[in-house]
Every structure is written in C-alpha cells, then in structure tokens.
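Read off the chains here:
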Amino acid sequence: MSMTQLSQPVVEDWFESNKDVFIDIFLKKADLSIVNKWLLIHGYSPVSEQTPYQTKRGSLSTDNSTPSSPNDKNDVFFDSRHHRTNSKKYLRQDFAKSKRKNIFRTCEPTMCSAEATTESRRNSLKEMRMFRSLPPNSVNMLSILIQSRVRLPRYPSKDIDIKKDLRMNNEREFFQEIVKDISNDLDLRSLSQKIVANISVLVDGDAGSVFVVEGRGTAKPSLVSKLFDVHSGTHILPTSVGDGSITVPWGKGIIGHVAETGDTVSLTDASLDPRYNDDVDKITGYRTDTLLCMPIHNADDEVVAVAQVINKAGAQEGFSKEDEKLLGTYLTFCGIAIHNAQIFEAYSKEYERNKALLEVVHDLFEEQTSVENVILKIMQRAQSLLKCERCSVLLRDGSSETSFKKVFDLAYPLRNGQNCQSSDNMSNYQLGNKIAELVLVTGETINIADAHQDSRFDPNSDGESGFHTRSILCKPIRNRDNQTIGVAQVMNRIDGHSFDDHDDQLFEAFTIFCGLGINNCLLYEEIAVASAKQMVALEVLSYHGTVTAEDVVKLKSRKVADADDWKLDSFNFNDFSLTSDDMLLAAVRIFKDLGFKRTFRIDTEMLCRWILTVRKNYRNVAYHNWRHAFNVCQFMFATLKMSGVRRHISDKESLALVVACLCHDLDHRGTNNAFQQKTSSALAQLYGTKATLEHHHFNHAVMILNSESHNIFGNFNSEEYSEVINLLKDAILATDLSRHIQVRDKFFAMVDSGMKNWDDRESRDILRSILMTTCDVAAITKPWEIQRKVADLVMTEFFDQGDKERNELKIQPQACMDREKQDELPKLQLGWIDGICLPLYKALSNLDASFKPLFDGVLKNRSCWEVLDAERLAKDAAMHTEV
C-alpha cells in the first residue's frame, strides 16, 4: 500500500502502536506554535518564544545558554528541575522550596538570605490572616486582590481555529464559550484581544478592532485601542500613548462617529464613505471592503467602547442584519466585561495613589526632627509617583520676598541642602528658577506644557548642565497660616507628555505634605512643651461629640415660646420644669429678650449651633451638668430683668455674664479643685492648683467659640473681641468660691456705706463677680421642694468623689463628701447657709429691694434644714439613751 493511500485512522493506529517513534518525530519536528496550540486545547496558558537552554538531565537543544531567570514561569515547561527524581538531595530541596511558597504570589521571588525568607513567610501569614478576617464581600475581595496582586482565575481561552470549528458544530455552545472567555478577565489589553478574536469568528470577519472610551466627562474624550490589529476608517492622533496604544479623537472617522452618536455603521464598500480614512490600509497594505462598526454600552447605556469587524468572509454584499443582531447581543456581554475591567483599573490606580500618599504620611510622621530628611523623602515619593526626571524644593529666605535660602534638588544629590544667602548665589541652580520666583511672589500654580514656547521661561536657565527642560509644574508650599514658605517643582515627565490635571492634583497633595513636614519640624519643640495641654485636649475631644447640621436646623425651626410662658423672668422658676430640649429654646429666648441678637447682630443659626454645642460639652454628672448651667443662666436673666443692677453694667458686660453662666461648668468631671490637686491630674498640671476647673471651663468655652460657625462674638472688632473675652474669663473665674471670699468683704463694705455709684471699673468688676456667685448658688433661694432636690444631687456628686478618695487615693474624705456621714446633711447645709448664702443675699437685699425675696427664701430653707437637723439630734439622743 502506497503512502498516498494511507487514511488518517490507519496512521493514528500505527502511531498508537509505535509511540516511541511518534514521540521522536514530535521532538524533532514540533515548533513552539504547535506546543502552544496543544496547551490552549487542554486549558493551559501558552508559553512565550525564548531561547531553549541546557537542562541538568538531557538537552532539548544544543544551545548551552542559561535562562534569563530561574523564576520565569515560561521556563517551567522546559525546566527539568521540576521533574521527579529519586535523589534525596533533590527531594529535600523541593520540600524546602515548597515551604517558602507564598500563596499570594504568582511567581517565586529570588531570596538569597534566610532573613529574607523568614520575612517573606511572615508577610504571607499576615496576608492570609488579613484575608480570612475580612467579610467575604466584593469590596474586600477586590481590595485583597489588588494588595496581593493575585490574578483572578481566567477561563482558558481556546485557539481561533478551535472556536471556528466549535461555531460550525454547535453555535449555542460556541456563544457560551466566547461569553465565558471574557467573563473573568479584568485586564483591558487582554480583554480587548479576546473580544477582537471572538467578534471576528462570530460574524466571519477577516479582522477587527476594539477602541475603549477614555476621558469620559472631560472636554476632550478619546478612544484608545489597547492593541493594533486593523483599525479601519480612523483618524489617528499624531501623538500616540506611551505604551504603544492608538488614540482616535472623539467624533472623527467612522469609529469616532459611532462613539459620538451611538449608531451602528455597516458598509459594503468602505472607501465610498466620506468618513473613511485609508491611512491604515496604506500602512498595512490591507484592503478594507465591507465594514461593520457598533458601539458597546454599559449598564447605564453609555458608550464605553467601539467594536469594528471588516471584510465579511465570502460575502460581497457585506454584513447582514443577522450579523448585526448577533454581534449586538455579544457586545452586551462585552460592555459588562469592559465596564468591570475599567472599574478594576481605576480601583488599582487609586489604590496605588493612596498607598503612595499614605507612605508620604508615614514618612512625614516618622521624621520630625530634620527638615532635610522630611523634604528629601517626600521628593523621592513625588518623583517616583509622578514619573518625572527632576524634582526640586526651594525654601524661602525670610529676609527677602523673591530669594531662596535653601535648595533641595533630587537630580543633583551633591547640591542638596546648599545654603544660599541671596539670589546671586543661585547660579548653581538655575533650572526654572525664574518660574520658581514667580510662584513664590504670586502664590499661584504654574503648569507649562512647553517651556521653550512660554515667555515666562528663560531659555538660558538650562545653562551648561546638559539638562533640557520640556515641561514644568511648579506649586507654592504653605505653612499652617497659609503663608508661602517655599516652592516645589517637577520637570519633564518621563513619557514625554506634559503634566495633566491628575498630576496637578497629586503634586498638590505632595506640596501640602511638604508644608506640613516643615511645619512639624519647626513646631517640634512647641509640641513637646505643650504636651500637658495636648493631653487635656485629646481627653476632651475623645468624650465630646459634634453637633450635626440636622440638629441645628431642627432647633432653628422650632417655635420659641414667650418668657412668661416658662416664667423665665421669675426668681421662683422651677429648675426641673423644662426638658433638655426646652432649655435650648429658653436659652434662645433669653438672648432675644435681652436684645443681644439685635444689638450684637448674632445670627440665629450660629446661636442655635453654639447653644447645642455648649450642651453637648457638658458631661453626664449628677449636678454640674447642662441643667445646672441653664438654671444659672435663667437666674441671671431674671436678675437683669427684675432688679436695677443692669443700669450699672453695659450691654457687653450683660452678654458676657449670660454667656459665662451657660459655660461656667463646661466639661465638669464631678470632682472639685482639691481632687485635681490630690490626683495631680492633667488639668492640675496644665492650669495649676488655683481655680483649676474654672480655668478649664473658660478655655473650653473659648475653644467652642473658635470652632467653625460658633463664634457668636464674631461681629466685634479686635479690640471689642478682646474686651468681651476678658469679661467672660473674669465671670467664669468668679464662680470659684475662694475668689468670692476674697471680694465679698469689699462688696459688703460698699453696700454698708450706702454706695450708689457703681460706674467705676473696680466697682463694676466686683458687682459682676458677686452676680455670678449669686446665680451659681441660687438654688438655696428656691422653694423647699426644689432646694431639697438640688441638695440631694449635690451630695450625690460629693459622695462619688468621696468614694474615689477613699478607694483610689486611700485617704479619708471630708465630712461633706463622706457617704458614711450622709445623715449629717442638715448640719452641713446649715453651715453652708450661715457661712456663704445668708451674708450674700442679705447684702444684695440691702443693695436692691428686688432681691429681698431671695433673702427670705434662704431664711425659709434654713428653717426647714434646722428642723431636719433637730430631728437628727433627737434621733441620735434616743439611740444614745438606748445604749
């Protein structure tokens, strides 16, 4: 039988019975394309073309060249080191390698030391723990995917010939195959390649292309092809993307028209269409006859790409309506795949950007003692992320408006940190110097795409350094006071393009960090000195929250009742009659009725926000809380309305008194000044042992006023503002009883002398101080039911402090704070009334008859406490008799 008469089954049977011969023929005749075809058919990734090399056991080639890298994936197919061997040495080596493998890597890194191997193993365990600790949702899966650089499992793509055979045999299975082919691919270039191959097979096209929309939402969107196959009817931009991609302007050519309109274009003779451009045909020597170009939409019906197939096989009439329908159906799936790939690409870029900025922040706070180290680290990060040839920072000379005292230039390390006393000494650094000086003066960013075409650039500035400036991005560096302290500039993107908006935003972040780094270094000593103050501030901020905009709007929209409805102008006001929210409205009413809103032009929204924040900054303690602050404020309001003292003080002083009443116990912790001293608290370290809490209350009030949209004193000029802040401070400090005792004798003497003129400064200071104490302890003048309830709250707070002193400080608390002596409350109250309250309200009643009811109220309450004390004494006597 001759060889020409042999059928394929006969040959296959012969090879089956002579496998050694078949293997020998395959090894001699097979090339890389046949190997790759076999790999693709069986679901493996193809290998790239490379020079074969000599293995340890046998040779696949007579060439003795070594592989480029022992870790190259493509070498694995040929590397005999992975073949099984009976050698115990090789078994031990293979086992050791398997212990070093990181499940989050796609290839084995080269490790030369045991220390690096240990560190790698630790990182692998960290990644695994982090992965297992995250909830299994799509966001966390995507984040760990990016961080570990693990590729998603891809459906193995089959060869085009196999796809064609599959389409002829089973079109439904073929369609499922090409949908699976793109389902998990998140790389735009690889995805584009698959789509081009699949659409060509789908509609029997000879070639095809895919252009992806970039710059959507900008003034100049464009279409970019991630690979060059055949792009018919396009207008290619003169400048292509640095990675070899082809860019087509929006609305130009057939592809640009389809992207802009969203219409399908099907041509039987492309050369007759005016939109067609045959430049590509001339370059490739390819003739385009029939053409089908369709848009690819995402879920929001936006065009995300354009697909094009040319030259329908065996059909002069071109692509049919059935082809359009079939291609349109497939492109729906392509739109989903492209949209996912774009999201993944954007997520990856943003992740890398944020990672770089976080590294800058890490560098910033890692080094705070050296300006040079901070700036150089930030410059290195900026140059790496922006991919530019040069990065420089120039620090301003404080004695001159346009000169620099220190220059940091990453391109010339030998000149880093060179001190320059004047602009004449800047001859060693001239690149873009005039631009830097202009930014220093104006404080504005300068972005020059072509330096030698810009009049602001000095062509001679390149000098003899050999550096050629193409593009410049220059920005000011500012300190915490928004003052320009230097200039940062980058020059010449490595890819030859000019700096775009993305670069501008990223470099803006770097200049901010640079300014922060410089500022941190300069303020390092101040931070160390103010550590106690920082501790207090952190403690306060950790406890107190902020007021939401919704709360402000809600309070502003509520109707404010009249003062008479709540009896705000009465000395007999019930301290427990209003809810916490009602007290907010009542505080607004007090400001209105005293004329503060009108006189000092206080905005209603700002007033509501300030009152809400003040309430927020009171702690939930038994007595010194928001209710006590409001009750003191209400009593001050009644005093100003019902008595004649207001004629002795100005409106500004009245405002300071009312604000002080609301703020006089801000952030009170339920313990007194003596406790702060005994425990050596941070407050005592910061403010000392005199009026410790009162100083803290005042500083806290100023902090609230300085918060954004909280300054109700904002309409005062600088002199008036300073005056009212001093009045506020004096009023809050006056609530310290030790200070009251110091001034009350002067007040008593002034009243006893029949003094009528309180217009001099010292007299008004004493009067305001007395009024603050009067309102602070005014609960002693209220009806008995209210007075008793307030006393119980005060004692609850006192007993809590006493418990702390006994249990934590191991000291015996004072009698008024000893829970074991709580039956002595009436006796303690009598001592309080006789020592502080009666002398005060008696002097007030002598000053103004309107205060007489207050004095009477104190006497009534004293009688009640006297009765309780008598009952206590009788009970003690009875118990003593029984004993």
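None of these values were measured; they are calculated from a predicted model.

Attention shifts here to the overall build of the chain. What the chain contains, in helices and strands, is 33 helices and 12 strands. Residues counted as buried form 44% of the 883 residues belonging to the chain. Across the chain, contacts joining residues at least 24 apart in sequence account for 64% of those joining residues at least 6 apart.

Now for the pairing of strand β3 (residues 246-249). Look at any regular strand and the pattern is simple: side chains alternate between the two faces of the sheet. Side chains I246 and V248 project from β3 onto one buried face, and the interleaved T247 and P249 project onto a second face that is buried too. Two elements, strand β2 (residues 222-225) and β3, share 4 bridges in a ladder whose sense is antiparallel. Its bridge partner lying in β3, V224 is registered against T247.

With 97 residues, the main nonpolar core has F591, W610, F713, F747 and Y841 as its most contacted residues. Apart from the residues within four sequence positions on either side, F591 is in contact with F596, K597, I602, L607, W610, L655, V658, V659, L662 and I712. Listed in part, the 32 residues of the second largest apolar core include I182, I195, L327 and L331.

The subject of this paragraph is the packing of helix α27 (residues 692-706) against helix α28 (residues 718-733). Orientation of α27 relative to α28, taken along the N-to-C sense of each, is 145°, at an axis distance of 9 Å. Crossing handedness for the pair α27 and α28: right-handed. When α27 is examined against α28, the residues E694, H695, H697, F698, A701, L705 and N706 are found in contact with a partner set consisting of Y721, I725, L728, K729, I732 and L733. Residues belonging to the contact of α27 with α28 are distributed by class as follows: 8 nonpolar, 3 polar and 2 charged.

With that settled, consider the packing of aromatic side chains. Following the criterion strictly, the structure yields 16 aromatic pairs and no others. A centroid spacing of 5.5 Å and a plane angle of 65° characterise the contact between W14 and F15, whose relative ring orientation is edge-to-face. Considering the side-chain rings of F596 and F600, the 6.1 Å spacing of their centres and the 45° angle between planes classify their relative orientation as tilted. Assigned by exposure class, F596 and F600 land together as buried. By way of ring pairs, the aromatic residues F591, F596, F600, W610, F713, F716 and Y721 are connected into one cluster. The ring of F576 has K789 lying over it, and the distance from NZ or CZ to the ring centre is 4.2 Å.

Moving on: unusual backbone geometry. You will see that K387, though not glycine, has its phi angle at about 55°, which is positive. Mapped onto the fold, K387 is located in the loop between α13 (371-386) and β7 (388-396).

As for its placement among the helices and strands, E805 is situated in helix α31 (residues 784-807). Sequence-distant contacts of E805, defined by excluding residues within four places in its chain, comprise F675, K678, K810, I811, P813 and Q814.

Right, let's talk about the state of the cysteines for a bit. Working definition of a disulfide: a covalent bond connecting the sulfur atoms of two cysteines. Counted by the stated rule, this structure contains 0 disulfides. Cysteine C388 shares no disulfide, and the gap to the nearest cysteine sulfur, in C391, comes to 5.6 Å.

This part covers the pattern of salt bridges. One side chain can pair with another of opposite charge once the charged atoms of both are near each other. This structure, assessed with the given rule, holds 34 salt bridges. Between D504 and K475 there is a salt bridge; the shortest N-O distance is 3.2 Å. On the criterion of sequence distance, the pair formed by D504 in helix α15 (residues 501-522) and K475 in strand β11 (residues 472-478) is long-range, its members being 29 residues apart. Its relative accessible area of 2% is what places K475 among the buried residues. For the salt bridge of D856 with K852, the shortest nitrogen-to-oxygen distance reads 2.9 Å. Placement of the pair is D856 and K852 together in helix α33 (residues 852-882), with a separation of 4 residues, close to one helical turn.

This part covers helix α9 (residues 188-202). Since the α-helix advances by 3.6 residues per turn, residues separated by three or four positions end up pointing in the same direction. The terminal C-alpha atoms of α9 lie 20 Å apart, and with 15 residues this matches the ideal 21 Å at 1.5 Å per residue to within 8%. The element α9 is extensively covered by neighbouring structure, given that 13 of its 15 residues are classed as buried. Positive phi shows up at D204, right after α9, with a value of about 60°.

Take the sheet that holds strand β5 (residues 291-297) next. Backbone hydrogen bonds hold the strands of a sheet together, and the pairing may be parallel or antiparallel. Taken together, the 6 strands give an open sheet; going across it, the order is β3-β2-β1-β6-β5-β4, and neighbouring strands pair in antiparallel fashion. The open sheet has two free edges, formed respectively by β3 and β4 (265-267), since each of these has just one partner strand. On average, each strand axis in the sheet is inclined to that of its neighbour by 25°, with strand direction left out of account. Strand direction decides the pairing type here: β4 and β5, joined by 3 bridges, are antiparallel. For S266, the partnering residue across the bridge sits in β5 and is L292. Sheet strands in contact with α9 are β1 (205-214) and β6 (303-312), and its direction is about 140° off that of β1. Its contacts with the sheet place helix α12 (residues 321-366) against β1, β4, β5 and β6, and it is angled at close to 45° to β5.

The subject of this paragraph is the environment of A849. The topology assignment puts A849 in the loop between α32 (825-847) and α33. For A849, a relative accessible area of 63% gives the class exposed.

In the contact formed by helix α8 (residues 171-183) and α9, the axes pass within 9 Å of each other and the chain directions differ by 165°. Between α8 and α9, the crossing angle belongs to the class labelled roughly antiparallel. Between α8 and α9 the crossing geometry is left-handed. Residues F174, F175, I178, D181 and I182 of α8 form the contact with α9, whose own contacting residues are L191, K194, I195, N198, V201 and L202. Residue classes in the contact of α8 with α9 are distributed as 8 nonpolar, 1 polar and 2 charged.

Moving on, we get to a nonpolar patch on the surface. Taken together, the side chains of F22, I23, F26, L27 and I34 define a hydrophobic patch exposed on the protein surface, amounting to about 480 Å² of accessible area. The element that contributes the greatest number of residues to the nonpolar patch is helix α2 (residues 19-29), accounting for 4 residues. On the secondary structure map, I34 appears in helix α3 (residues 32-41). Classification of I34 by relative accessible area gives partly exposed; the value is 41%.

Within the secondary structure, L410 sits in the loop between β8 (404-409) and β9 (418-419). Remark: the alpha-carbon pair of L410 and V490, spanning 80 residues in sequence, is separated by 9.9 Å.

Predicted confidence across the chain gives a mean pLDDT of 78, with 75% of residues reaching 70 or more. Every residue in residues 94-117 scores below 50 in pLDDT, and together they form 32 contacts with partners more than four places removed in sequence or on other chains. Segment residues 148-156 is flagged for pLDDT under 50; beyond a separation of four residues in sequence, or across chains, it makes 24 contacts in the model.

Parameters at a glance
- Residues numbered from 1 in each chain as written.
- Predicted model: local features only at pLDDT ≥ 70, side-chain atom pairs only at ≥ 80, totals over all residues.
- Heavy atoms only, no water.
- Helix = DSSP H or I, 4+ residues; strand = E, 2+ residues; numbered from the N terminus.
- Buried < 20%, exposed > 50% of the residue type's maximum accessible area, 1.4 Å probe, protein only.
- Contact = heavy atoms within 4.5 Å.
- Pairing = 2+ DSSP bridges.
- Core = buried A, V, L, I, M, F, W, Y, C linked by side-chain atoms within 4.5 Å.
- Axes fitted to C-alpha atoms, helices over the stretch in contact; angles between N-to-C directions.
- Left-handed = near helix turned anticlockwise from the far one by under 90°.
- Nonpolar A, V, L, I, M, F, W, Y, C, P; charged D, E, K, R; others polar.
- Phe/Tyr/Trp six-rings, centres within 6.5 Å; stacked < 30°, edge-to-face > 60°.
- Lys NZ or Arg CZ within 6 Å of the ring centre and 35° of its normal.
- Disulfide = S-S within 2.5 Å.
- Salt bridge = Lys/Arg side-chain N within 4 Å of Asp/Glu carboxyl O.
- Expected span 1.5 Å × (residues − 1).
- Parallel < 35°, antiparallel > 145°, perpendicular 65-115°, else oblique.
- Patch = residues over 30% accessible without salt bridge, like charges linked within 9 Å, V, L, I, M, F, W, Y side chains within 5 Å.
- Areas by Shrake-Rupley, 256 points an atom, 1.4 Å probe, with all protein chains shown as cover.
- pLDDT = per-residue confidence, 0-100.

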